[in-house]
Amino acid sequence: MWGKKMKRLLLAVLAVCILFSGCGVIHDSQGASQQVPASELDLNGIDMLGSTKKAAVYFLNGANGTLTADPRTLRVQQDTNPAEAAIKALLDGPSNNTLTPVAPEGMSLDSIEFSNGVANIYIGYDGMPMESASKYTMELAIANTVSDLLGATAVNIFYNGLREGFDRYPSAPLKKQTGTVTEAYNNARAKYVPAEPVGTENGAGPAQTPITDSEAPIEATVKQNTISTVLYFVSASGDYILPEVRDISYTTAATDDDYKAYVKTILNELKVQPLNTTTMESPIKSNASLIRDPEKIDNGDGTFDIALYFDMLPAGVSYTVPNQIQPSYAAMVYSITGFLPYVRAVRFYVDDTPVMQLNGAMAATRRSDLGGYIGSSAPLYLQYTGSGLLIEVSRSMEQGKIWSALERARAILKGPQLGDGGNVSTVQFEGMTEEDILAVDVYNDTAYVNLSDNFKEACKNHTAQDEMLLVYSIVNTVTAMDGINKVQFLVEGAQTDTLGGHLCISDPFLRNYGIIKNGS
């Protein structure tokens, strides 16, 4: 306990020394007010921005049947998820002959979504179908790679936009595994595939999906199976959807009608409040109900749609602005298409009337239509009200912006938002706008934050404490991003001595832990 108190005291003393000495703790060869050389800030355009990242890319070790890390140093472009480079390296194959490739030729990465520990990996592939065990091996390799790099605790793989499950059966998201691939595969088969698959004789032959049409009647055997499921809820701001992994008990009969039980169970779970009610809420009204069982619509290409018939508009009760109703439908679509194999889209009806959703369209809503609604949480640092400290808040942002240092810095100037909590105050000064942060360029471990003249002008006539809070809110927010250790401030592309006359900004800043409330 004494050690923690002493550490905080030293950090606080250091912060005070920096404040009143008017100089930074890191010195470089650049002088104040000098234009930063083009050779350092604009090498050859956007392709040169970013940093290097060490990553463990997993492949099959044929000698012992396990997945083994192939260490790589990857070039990560600015504003991109580092897992993109790692998955592309995985699809290309191992760097040495001791490991076995896990992906077939012609497979490519379309995109990655990462939010609240859940990673959705979208793969493009038009080649020959993979054998079941080989496919599972590749998926585990992807899960291990993404888990190590991003800290993901749940990984779902989609092929050409569709979840395929385990041998066409609904299955839980993948987690990192350390045993043999064969053992993991056999365990998964025992959990998800019925002992006597639908459409086979005496259990022989390949497993078939339990949610396709069948001409012969099947004797139902009621079974309960608990499966980890990714559910999506609406962010407190009403702008995005965020995931939560929940263990759900499904009661099925290993028949073609199982999809009805799966869908109804998922919808009922979505009515239950999420674990984190501060940042998320249910997408469905508690009194909205289905007037009949979900309907499966065959698309004739191996995929199908799910039609839902409600007794009222199901969108959550808190949404009064029309465009904020759409995330409610997005949460339902993401939850259903992320669990049931080969679901292309979800159709919504009130009684028998189609519900207008996206841009007034009544067409079936596909997962690919909703990518702009999937959000992620980023730590921002704003003022803890009535103190000289910063407090970390979790801010929901669009998936495409979460990896951008510029977007995170600009989010600070939006001020406190719904879901940030009641003890949060703004750090920006009157006259500042988001556009006054002109750019944030990342080179190796340093982020160059380029401010406008208007930003600097707005800093005048404020106290030293106010200026320090503003500067370190940006520094601590940007350095919370993986791989960024320092922040160099510029004004209109040039280094300068100070903003408001108190804190020297001519040198790079390190993260300041001593100014964060409770060391969070």
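Residues numbered from 1 in each chain as written. Predicted model: local features only at pLDDT ≥ 70, side-chain atom pairs only at ≥ 80, totals over all residues. Heavy atoms only, no water.

Digging into the overall build of the chain
Broken down by element type, the chain carries 10 helices and 21 strands. The buried share of the chain, reckoned over its 520 residues, is 53%. When contacts within the chain are restricted to residue pairs at least 6 apart in sequence, those whose partners lie at least 24 apart make up 66%. For the chain, the accessible area works out to roughly 23,100 Å², and carbon and sulfur atoms hold 50% of it. (Helix = DSSP H or I, 4+ residues; strand = E, 2+ residues; numbered from the N terminus. Buried < 20%, exposed > 50% of the residue type's maximum accessible area, 1.4 Å probe, protein only. Contact = heavy atoms within 4.5 Å. Areas by Shrake-Rupley, 256 points an atom, 1.4 Å probe, with all protein chains shown as cover.)

Here we look at the confidence of the model for the chain
On average, residues of the chain score 84 in pLDDT, and 82% of them are at 70 or above. Of all the helices and strands in the chain, helix α2 (residues 38-41) carries the lowest mean pLDDT, 38, while strand β5 (residues 154-159) carries the highest, 98. Ignoring residues within four places in sequence, the model shows residues 1-47, a span with pLDDT below 50, making 61 contacts including any to other chains. Overall, residues 197-218 carries pLDDT values under 50, and its contacts beyond four positions in sequence, including any with other chains, amount to 41 contacts. (pLDDT = per-residue confidence, 0-100.)

Topic: the sheet that holds strand β21 (residues 509-510)
Reading across from one edge, β18-β19-β20-β21 is the order of the four strands in this open sheet, with mixed pairing throughout. Of all strands in the sheet, those bounded by a partner on one side alone are β18 (437-443) and β21. Judged from the six bridges that link them, strand β19 (residues 446-451) and strand β20 (residues 486-491) form a sheet pairing that is parallel. Each residue of the ladder has a partner; that of T446, found in β20, is K486. Helix α10 (residues 464-479) rests against β19, β20 and β21 of the sheet, and its axis sits at about 130° to β20. (Pairing = 2+ DSSP bridges. Axes fitted to C-alpha atoms, helices over the stretch in contact; angles between N-to-C directions.)

With respect to helix α5 (residues 181-192)
Under the 1.5 Å per step criterion, the end-to-end length of α5 is 16 Å for 12 residues, consistent within 8% with the ideal 16 Å. Buried positions along α5 lie against β1 (51-61), β2 (66-76), α4 (132-150) and β7 (223-235). (Expected span 1.5 Å × (residues − 1).)

As for the pairing of strand β10 (residues 295-298)
Relative to strand β11 (residues 304-310), β10 runs antiparallel, the two being bridged by four bridges. Opposite D298, over in β11, you have F304 as the bridge partner. Between the antiparallel neighbours β10 and β11 lie five residues, among them G300 with a positive phi of about 80°.

Digging into helix α7 (residues 326-337)
Look at α7: 16 Å from first C-alpha to last across 12 residues, which is about the 16 Å you get at 1.5 Å a residue. For α7, the tally of buried residues reaches 12 of 12 residues, placing the bulk of the element in the interior. Looking only at α7, the buried set comprises Q326, P327, S328, Y329, A330, A331, M332, V333, Y334, S335, I336 and T337.

Description of the pattern of salt bridges
Under the defined criterion, the tally for this structure stands at 13 salt bridges. The partner of D148 in a salt bridge is K176, with the nearest N and O atoms 2.7 Å apart. Taken as a pair, D148 in helix α4 and K176 in the loop between β6 (162-163) and α5 lie far apart in primary sequence, 28 residues in all. For K176, a relative accessible area of 41% corresponds to the partly exposed category. A salt bridge links K260 to D257, with the shortest nitrogen-to-oxygen separation between them at 3.7 Å. On the accessibility criterion, D257 (45% relative accessible area) is partly exposed. A single network of salt bridges, built from pairs that share partners, joins E244, R246 and E269. (Salt bridge = Lys/Arg side-chain N within 4 Å of Asp/Glu carboxyl O.)

Re the pairing of strand β4 (residues 118-124)
When you tally the buried positions in β4, you get seven out of seven residues, the bulk of the element. Residue alternation in β4 divides its side chains into two sets, V118, N120, Y122 and G124 and A119, I121 and I123, and both sets are buried. Sheet analysis places strand β3 (residues 108-115) next to β4, joined by seven bridges and oriented antiparallel. Bridge pairing links E113 to N120 in β4. Bridge count for β4 against β5 is six bridges, and the pairing is parallel. Paired with I121 across the two strands is I157, which belongs to β5.

Description of the sheet that holds strand β16 (residues 390-398)
In any sheet, the strands associate via hydrogen bonds between backbone groups, in a parallel or an antiparallel arrangement. Taken in spatial order, the three strands line up as β16-β15-β17 in an open sheet, and their pairing is antiparallel. Lying at the two open borders of the sheet, with one neighbouring strand each, are β16 and β17 (424-425). Where strand β15 (residues 375-384) and β16 come together, nine bridges link them in antiparallel fashion. Each bridged residue has a counterpart across the sheet, and for P379 the counterpart in β16 is S394.

Considering the environment of A184
Take A184: it is sitting in helix α5. Judged by relative accessible area, A184 falls into the buried class, the value being 15%. The sequence separation of A184 and A133 amounts to 51 residues, and the corresponding C-alpha distance is 10.0 Å. When sequence neighbours within four positions are dropped, the list of residues in contact with A184 reads Y136, L140 and Q177.

Considerations on the packing of aromatic side chains
If you walk through the whole model with that rule in mind, you get 14 aromatic pairs. Centre to centre, the rings of Y443 and Y448 are 5.7 Å apart; their planes meet at 75°, and the pair counts as edge-to-face. There is no split in this pair, since Y443 and Y448 are both buried. Taken together, the ring pairs connect Y136, F166, Y185 and Y192 into an aromatic cluster. Taking NZ or CZ as reference, R168 lies 4.1 Å from the ring centre of Y342, over its face. Above the face of the Y309 ring, R292 is positioned so that its terminal group lies 3.7 Å from the ring centre. (Phe/Tyr/Trp six-rings, centres within 6.5 Å; stacked < 30°, edge-to-face > 60°. Lys NZ or Arg CZ within 6 Å of the ring centre and 35° of its normal.)

A closer look at the nonpolar core
Ranked by size, the top nonpolar core spans 96 residues in total, and within it I121, I123, V146, L267, L308 and F348 carry the most contacts. Per-element accounting of this core gives the leading share, nine residues, to α4. Of all hydrophobic cores here, the second largest spans 44 residues; its members include V424, F429, M468 and V475. (Core = buried A, V, L, I, M, F, W, Y, C linked by side-chain atoms within 4.5 Å.)

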